[in-house]
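Here's the letter readout for the chains.
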Amino acid sequence: MEENMRRFSQRSHLVTLSEINITPLLDLAFVLLIIFIITTPLLEKGLELKLPKAVGQPARPLRKEDTRTVEISPQGAYAMNKQMMRLDQIVNQLAQDYRYNTNLVIFVRADQDSKMKDFVALTDACMQKGISRYSIRTQPIGSK
């Protein structure tokens, strides 16, 4: 009889070990879920930036032969050498100039009201042709 009690006590001991209360684990999981739900939109929002004003000069002066200036109007029109041109015409001309001069830097003069998509279209098309040096031209401080 003592043997039967012993087995019974061992069985009940094993049964209590195999039954883990998962309620605290679920509470923890829900708390973590709520934290992630609250913080995720804050991470995706981005930063509110105040961009610096343009001051200073380039690190080294560029030769006029090494630069081409592309202008972008608020309406999305492009111009190079004071002539209105389509984007593909400008990119083809820049690619041809770049073949002869690998030091070529593109000066981009975009109106403050122009759209970012027009700038990106220009830089993306130039990157596809291997041109990767740009300088965004800004109005110096103090000028109107």
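Here, the structure is the one placed above.
Residues numbered from 1 in each chain as written. Predicted model: local features only at pLDDT ≥ 70, side-chain atom pairs only at ≥ 80, totals over all residues. Heavy atoms only, no water.

Draft legend 1. Region of the structure containing the pairing of strand β4 (residues 105–110). Here 6 bridges tie strand β1 (residues 67–72) to β4, and the two strands are oriented parallel to one another. In the sheet register, Val-70 faces β4, and the bridge partner there is Val-108. Direction of pairing for β4 relative to strand β5 (residues 134–136): parallel, over a ladder of 3 bridges. Opposite Phe-107, over in β5, you have Ser-135 as the bridge partner. In this view, the connection linking β4 to its parallel neighbour β5 by way of helix α4 (residues 116–128) has right-handed handedness. (Pairing = 2+ DSSP bridges. Helix = DSSP H or I, 4+ residues; strand = E, 2+ residues; numbered from the N terminus. Right-handed = clockwise from strand over helix to strand, strands pointing away.)

Draft legend 2. Spotlight on the nonpolar core. Ranked by size, the top nonpolar core spans 15 residues in total, and within it Val-70, Ile-90, Leu-94, Ile-106 and Leu-122 carry the most contacts. Within the residue set of this core, elements represented by two or more residues are β1, β2 (78–80), α3 (87–100), β4 and α4. The residues contacting Ile-90, other than those within four sequence positions of it, are Val-70, Tyr-78, Ala-79, Met-80, Met-85 and Leu-122. (Core = buried A, V, L, I, M, F, W, Y, C linked by side-chain atoms within 4.5 Å. Buried < 20%, exposed > 50% of the residue type's maximum accessible area, 1.4 Å probe, protein only. Contact = heavy atoms within 4.5 Å.)

Draft legend 3. Here's a closer look at the sheet that holds β4. As summarised here, the arrangement of the 5 strands in space is β3-β2-β1-β4-β5, forming an open sheet in which the pairing is mixed. A single partner strand is all that each edge strand has here, and the edge strands are β3 (83–85) and β5. Ignoring strand direction, the axes of neighbouring strands in this sheet form an average angle of 30°. Sitting on the sheet, α3 is in contact with β1, β2, β3 and β4, with an inclination near 30° to β2. (Axes fitted to C-alpha atoms, helices over the stretch in contact; angles between N-to-C directions.)

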